[in-house]
Each structure stands twice: as structure tokens, then as C-alpha cells.
Amino acid sequence: VPSGFSLKRPPEPSWYYRPLISTKVTAVFHPEDDILKAAGTNDTTCVVTQAHTLKCWGSNATRFSALENVTDLITSNYALCVVHDTQLDCWNESENRDWPIPEFITHPQQVVLSYSDLCVLYEGVAGNQVHCVNRDGLSEPVVPALSNPTALRSQNDIYCVDDDSGVVCWGNHYYGQSKVPADLGNVTAFASGDHHTCAIAGGQ
């Protein structure tokens, strides 16, 4: 210690930021697994490997353990969805049961989740289509008429796609936050709050 200085004991950590240390091992990763994607819910964490297998740990670790040819993994705090063999399977963790997915939804391209709904952009017989379904299997929220939809995105129960007419949004509309201005143009990014939606427009 330099002359004129003294060591001072650091303050004891308070309950507010005291670290919690666990000796329980929850997972071991190996470099040879070549993980493609990792995502988790409140209770389960999963990874997709280069071999397109799914490895999970947590409360629902074995739910999708038998699936093969896994190409995507989508999660929220309360749900876990897996795309495999051109099919979509989802598990509702908050109610510990399957999330009903209509049989006509095949070849899913994008899946977005909220607490009580999920929407899927999929390849239908007439081209790209979007369908939403709530936790009880009902077609909610209702999807407006779309023409060649692409780029499905969601935030705060607002769902948007790009289609031949521009950007189309639906869902939470209590404050007009899903109404898209007619002169918005091409959107490169968007974000939605409880009462409003903002977008960066003008991209090609």
C-alpha cells in the first residue's frame, strides 16, 4: 500500500444485489455439438445442434426430446415452439399442455409468440399465408386479408407483415397502435409500446 493510503473493507452486499450461487449443474456443453441456436422459457432451455437435434434441460426437458430434423426453435416466457420435418409443435408452459396448432399449418417460415397468442407465416396452397391461434385453439387475433405476406414480426401483442400493399398490422388496437399510416413506405424496423407503435421507414 503506498504511503499515505490505507485499505478499506468493502461494504457487505445487501439483500437487493446479493449474488445467488448454486452448486447444481444444469447443463454441460461440448464444443463438438456445434450449437446453431439457443433459447429458453421461464422453466426450460433448449439448443439446436448442427445435426438438427434438440437438447433441453429444465421442467420440460423431455417434451420434445424425440423430435428429429429440427430447423428452428422459438420461445417466449411461457411457450416453447419447435419446427421439425416441416411441422410446428408448441407447448404452453403456463398451463402445462400442448398449444393447439391447426393441421393445415405446414412449412412454417416464421413464428411469433405473445403470452396468449401465436402467429405463423407459412407456405399454403395459395402461397404465403398467416394464421394466428390463441392458447385455446381459437383463431385469434383475427388476421386481415393479406397478399403475399412476408417478414412477420410482433411486439406487445401487435403483429405486422409486409405484403403487396405495404405494411399491414393487427392485434392490440386500443389506442390505434396497429393502424398503419398510408404513406409509411417500406419498414426496416418497428417497436411497439403499450399505447403506440413506431417504425423506421424508407428502406428498400
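Not measured: the values here are computed from a predicted model. (Residues numbered from 1 in each chain as written. Predicted model: local features only at pLDDT ≥ 70, side-chain atom pairs only at ≥ 80, totals over all residues. Heavy atoms only, no water.)

Colleague: What is the right way to look at the overall build of the chain in this model?
Modeller: On a plain count of helices and strands, the chain comes out with zero helices and 15 strands. A buried classification covers 35% of the 204 residues belonging to the chain. Taking all contacts inside the chain whose residues are at least 6 apart in sequence as the whole, residues at least 24 apart take part in 29%. For the chain, the computed accessible surface area is about 12800 Å², with 52% contributed by carbon and sulfur atoms. (Helix = DSSP H or I, 4+ residues; strand = E, 2+ residues; numbered from the N terminus. Buried < 20%, exposed > 50% of the residue type's maximum accessible area, 1.4 Å probe, protein only. Contact = heavy atoms within 4.5 Å. Areas by Shrake-Rupley, 256 points an atom, 1.4 Å probe, with all protein chains shown as cover.)

Colleague: Hey, could you run me through the packing of aromatic side chains in this one?
Modeller: The geometry of an aromatic ring pair is captured by the separation of the ring centres together with the interplanar angle, meaning the angle of the planes. Taken as a whole and judged by the stated rule, the model has three aromatic pairs. Judged by centre distance (6.2 Å) and plane angle (50 degrees), the ring pair of Phe104 and Tyr122 falls under tilted. With Phe104 in the loop between strand 7 (97-98) and strand 8 (108-113) and Tyr122 in strand 9 (residues 117-124), this residue pair connects regions lying 18 residues apart in the sequence. Since its relative accessible area comes to 47%, Phe104 is described here as partly exposed. For Tyr122, a relative accessible area of 5% translates into the label buried. Centre to centre, the rings of Tyr159 and Trp170 are 6.2 Å apart; their planes meet at 25 degrees, and the pair counts as stacked. Of this pair, Tyr159 sits in strand 12 (residues 158-163) while Trp170 sits in strand 13 (residues 166-171), placing them 11 residues apart in sequence. (Phe/Tyr/Trp six-rings, centres within 6.5 Å; stacked < 30°, edge-to-face > 60°.)

Colleague: In this structure, what is going on with the state of the cysteines? I would like to understand it.
Modeller: In a disulfide, the sulfur atoms of two cysteines are held together by a covalent bond. Counting across every chain of the model gives four disulfides. Disulfide pairing places Cys46 opposite Cys56 at an S-S distance of 2.0 Å. Looking along the S-S bond of the Cys46-Cys56 disulfide, the torsion reads about 110 degrees, which is the right-handed sense. Here the residue Cys46 occupies a position in strand 2 (residues 44-49), and Cys56 occupies one in strand 3 (residues 54-58), the gap between them amounting to 10 residues. For the residue pair Cys46 and Cys56, the accessibility class agrees, reading buried in each case. One disulfide bridge connects Cys160 with Cys169, the sulfur atoms lying 1.9 Å from each other. Its S-S torsion of approximately 105 degrees makes the covalent link between Cys160 and Cys169 right-handed. Each member of the pair, Cys160 as well as Cys169, carries the same accessibility label: buried. (Disulfide = S-S within 2.5 Å.)

Colleague: Hey, could you run me through the sheet that holds strand 11 (residues 150-155) in this one?
Modeller: Strand pairs in the sheet, formed through backbone hydrogen bonds, run parallel or antiparallel to each other. The strand order across the open sheet formed by three strands is 11-12-13, and the pairing between neighbours is antiparallel. The open sheet has two free edges, formed respectively by strand 11 and strand 13, since each of these has just one partner strand. Across the sheet, the mean angle separating the axes of adjacent strands is 20 degrees when strand polarity is ignored. As defined by bridge partners, strand 12 adjoins strand 13 across six bridges and the pair is classed as antiparallel. (Pairing = 2+ DSSP bridges. Axes fitted to C-alpha atoms, helices over the stretch in contact; angles between N-to-C directions.)

Colleague: How do you make sense of the environment of His52 when you look at a structure like this?
Modeller: By secondary structure assignment, the location of His52 is in the loop between strand 2 and strand 3. As a C-alpha pair, His52 and Val70 span 18 residues in sequence and 4.8 Å in three-dimensional space. Look past the residues within four positions of His52 in its chain and what remains in contact with it is Leu36, Glu68, Asn69, Val70 and Thr71.

Colleague: Looking at this structure, I do not really get the pairing of strand 2. What am I missing?
Modeller: In regular strands, side chains alternate between the two faces of the sheet. Extensive coverage of strand 2 is indicated by the burial of five of its six residues. Note that strand 1 (residues 35-40) and strand 2 share five bridges and pair antiparallel. In the sheet register, Lys37 faces strand 2, and the bridge partner there is Val48. Where strand 1 hands over to strand 2, the hairpin turn is made up of three residues, counted between the paired strands.

Colleague: What is the right way to read the side chain of Asp117 from this model?
Modeller: Following the sequence through the fold, Asp117 ends up in strand 9. At 3.5 Å, the side chain of Asp117 forms a polar contact with the side chain of Ser116. (Polar contact = N/O pair within 3.5 Å; in protein donor to acceptor, adjacent residues only side chain to side chain.)

Colleague: How should I be thinking about the pairing of strand 9 in this particular structure?
Modeller: The buried fraction of strand 9 is high, at seven of eight residues. Pairing of strand 8 with strand 9, which is carried by five bridges, proceeds in the antiparallel orientation. When the bridges of strand 9 are listed, Pro108 appears paired with Tyr122. Between strand 8 and strand 9, which pair antiparallel and follow one another directly, the connecting turn spans three residues. The pairing of strand 9 with strand 10 (residues 127-134) spans eight bridges and is antiparallel. Its bridge partner being in strand 10, Tyr122 is matched across the sheet by Gln129. Joining the antiparallel neighbours strand 9 and strand 10 is a turn of two residues.

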